[in-house]
Amino acid sequence: MKFSLAIYSAPHSTQSSSSALRFAKALLKQGHEIYRVFFYCDGVQNSNAIAAPPQDETDLTSEWQALGHQHQLDLVVCIAAAQRRGVLNQREAERLERPAANLAGGFELAGLGQLTDAVANSDRLITFGG
């Protein structure tokens, strides 16, 4: 079965992001396909490269990067939600005349059309947080 995931919560605010990561790993282990992981609203904070969780907490950004790399996952971050929350790639940082980019490697900025595409091309869309 082909799944897409939508993550709406920041990694430090609820267990939703952690649950989504565990769910994604379980899907892949069972042989399912993940078409896309879409980070929206506060969920864009999962792609913040400069977030530094305490040593006794899971670094969800790194975990998503590793899973994305290992399984060639499409990790898409809503560009409008990211911009509002200060998560920028190099191109957006330059365009907006900001001093630095902080979008973690392996994530890409895109519009809500990518979420619509995920819904159209997946058997199931599972959401986390909200």
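Below is a short write-up of the structure.

Definitions and cut-offs
Residues numbered from 1 in each chain as written. Predicted model: local features only at pLDDT ≥ 70, side-chain atom pairs only at ≥ 80, totals over all residues. Heavy atoms only, no water. Helix = DSSP H or I, 4+ residues; strand = E, 2+ residues; numbered from the N terminus. Rg over C-alpha atoms; globule rule 2.2 N^0.38 Å. Buried < 20%, exposed > 50% of the residue type's maximum accessible area, 1.4 Å probe, protein only. Contact = heavy atoms within 4.5 Å. Areas by Shrake-Rupley, 256 points an atom, 1.4 Å probe, with all protein chains shown as cover. Salt bridge = Lys/Arg side-chain N within 4 Å of Asp/Glu carboxyl O.

Looking now at the overall build of the protein chain. Tallying secondary structure elements over the protein chain gives five helices and five strands in all. When the helices and strands of the protein chain are listed from N to C terminus, the series reads β-α-β-α-β-α-α-β-α-β. Taking 130 residues into account, the globule formula puts the C-alpha radius of gyration at 14 Å, and the protein chain, at 14 Å, falls close to it. Summarising its shape, the C-alpha atoms of the protein chain cover approximately 45 × 35 × 25 Å along the three principal directions. In the protein chain, which comprises 130 residues, the share counted as buried stands at 41%. Considering only intrachain contacts with a sequence separation of at least 6, the fraction spanning at least 24 residues in the protein chain is 78%. Surface summary for the protein chain: the accessible area is close to 7100 Å², and the carbon and sulfur share equals 47%.

Turning to the pattern of salt bridges, a few remarks are in order. Overall, the coordinates contain five salt bridges when judged by the stated rule. Here Lys25 makes a salt bridge to Glu63, at a shortest N to O gap of 3.0 Å. Of this pair, Lys25 sits in helix H1 (residues 16–29) while Glu63 is found in helix H2 (residues 60–71), placing the two residues 38 residues apart along the sequence. The exposure class assigned to Lys25 is partly exposed, which follows from its relative accessible area of 37%. For Arg36, the salt bridge goes to Asp117, with nearest N and O atoms at 2.9 Å. Separated by 81 residues along the polypeptide, Arg36 in strand E2 (residues 33–39) and Asp117 in helix H5 (residues 113–120) bring together distant segments of the chain. Overlapping salt bridges, with partners in common, bring together Arg36, Asp74 and Asp117 in one network.

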